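Given next are the chains, with one letter for each unit.
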Amino acid sequence: MQRVKALFITAWSALFSLLGILALPVALLVVGNVTDYITGIAASQYREEQVSSYKGIRGIYKKIGMWILIFIGWMMDMLIGYTVQYIGLNISLPYIVATVVAVWLICNEVISILENLIDIGVDIPPFLMPLAKMIKGQVEDKTKLE
């Protein structure tokens, strides 16, 4: 049992060390993906639409698409880092683009989870939905390229 525990801790430590600033958003997005999927299935009983295998698979594809977006953000980070190094600037940029993409996606997941909970009939504090939307809006505003 100790070996399994040590292997688990080693694997998580290596993953978090590799991801750096991106580690927490990635972990939160995993939790958000799973929670949104489960609450979405539960909320479907209270909606006019019913769960179908097509909708379930489509939901999984959307979650995969989220991870592809983070991968694209990571690729952009690598490209920016390579370019900065190639032109001779001595600065280190962590996974900025991928992190911003992940935070935006987490906000989307939180909003979806809250909507699912509302449909189920759970009373949510009135500030949660506006807060999630405000954070998402802040990310969009701060990263807007003009």
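For the structure itself, look to the data block above.
All figures in this text were calculated on a predicted structure; none of them were measured in a lab.

J.: Help me out: how do you make sense of the overall build of the protein chain in this one?
T.: A tally of regular secondary structure across the protein chain gives five helices and zero strands. If you list the helices and strands of the protein chain from N to C, you get α-α-α-α-α. The C-alpha atoms of the protein chain give 19 Å as radius of gyration, which overshoots the globular expectation for 146 residues (15 Å, by more than 25%). Overall size of the protein chain, expressed as C-alpha extent along the three principal axes, is 60 × 55 × 30 Å. The burial tally for the protein chain puts 26% of its 146 residues in the buried class. A fraction of 67% describes how many contacts in the protein chain between residues 6 or more apart in sequence connect residues 24 or more apart. Split by element, the accessible area of the protein chain, about 10,500 Å² in all, is 70% carbon and sulfur.

J.: Please clarify how the nonpolar core should be interpreted in this entry.
T.: In summary, soluble globular proteins display a tendency toward joint burial of nonpolar side chains. Counting residues in hydrophobic clusters, the biggest one holds twelve residues: Leu19, Leu22, Ala23, Val26, Leu29, Met66, Ile70, Tyr95, Ala98, Ala102, Leu105 and Ile106. Where this core is concerned, the elements lending two or more residues are α2 (23-43), α3 (53-86) and α4 (96-120). Here the element with the most residues in this core is α4; it accounts for four residues. Apart from the residues lying within four places of it in its own chain, the contact partners of Ala102 are Leu22, Pro25 and Ile70.

J.: Just to check I follow, could you spell out the packing of aromatic side chains for this structure?
T.: The description of two aromatic rings rests on the distance between their centres and on the angle between their planes. A full pass over the atoms with the stated rule returns four aromatic pairs. Taking the centre distance of 6.0 Å and the plane angle of 65° together, the rings of Phe8 and Trp12 count as edge-to-face. Placement of the pair is Phe8 and Trp12 together in helix α1 (residues 2-19), with a separation of four residues, close to one helical turn. Overall, the relative accessible area of 42% leaves Trp12 in the partly exposed class. Following the ring pairs from residue to residue traces out a cluster consisting of Phe8, Trp12 and Phe16.

J.: Would you mind going over the pattern of salt bridges with me for this structure?
T.: Oppositely charged side chains can pair when the atoms bearing their charge come close. Tallying each qualifying case throughout the model produces three salt bridges. Among the ionic pairs, Asp36 bridges to Lys63, the shortest N-O distance being 2.5 Å. You can see Asp36 sitting in helix α2 and its partner Lys63 sitting in helix α3, a full 27 residues away along the chain. Under the relative-accessibility criterion, Asp36 is labelled buried at 9%. On the basis of relative accessibility, which here comes to 13%, the residue Lys63 falls in the buried class. With a closest N to O distance of 2.5 Å, Arg47 and Asp119 form a salt bridge. Of this pair, Arg47 sits in the loop between α2 and α3 while Asp119 is found in helix α4, placing the two residues 72 residues apart along the sequence.

J.: Could you clarify how one ought to interpret the packing of α4 against helix α5 (residues 128-142) in this entry?
T.: Contact pair α4 / α5: the axes reach a minimum separation of 9 Å and the direction vectors enclose 160°. It follows that α4 is roughly antiparallel to α5 by the angle criterion. α5 is crossed by α4, and the crossing has left-handed handedness. Only Leu128, Met129, Ala132, Lys133, Ile135, Lys136, Val139 and Glu140 of α5 make contact with α4, whose side of the interface consists of Val100, Val103, Trp104, Cys107, Asn108, Val110, Ile111, Leu114, Glu115 and Ile118.

Calculation rules
- Residues numbered from 1 in each chain as written.
- Predicted model: local features only at pLDDT ≥ 70, side-chain atom pairs only at ≥ 80, totals over all residues.
- Heavy atoms only, no water.
- Helix = DSSP H or I, 4+ residues; strand = E, 2+ residues; numbered from the N terminus.
- Rg over C-alpha atoms; globule rule 2.2 N^0.38 Å.
- Buried < 20%, exposed > 50% of the residue type's maximum accessible area, 1.4 Å probe, protein only.
- Contact = heavy atoms within 4.5 Å.
- Areas by Shrake-Rupley, 256 points an atom, 1.4 Å probe, with all protein chains shown as cover.
- Core = buried A, V, L, I, M, F, W, Y, C linked by side-chain atoms within 4.5 Å.
- Phe/Tyr/Trp six-rings, centres within 6.5 Å; stacked < 30°, edge-to-face > 60°.
- Salt bridge = Lys/Arg side-chain N within 4 Å of Asp/Glu carboxyl O.
- Axes fitted to C-alpha atoms, helices over the stretch in contact; angles between N-to-C directions.
- Parallel < 35°, antiparallel > 145°, perpendicular 65-115°, else oblique.
- Left-handed = near helix turned anticlockwise from the far one by under 90°.

Structural measurements only, silent on function.
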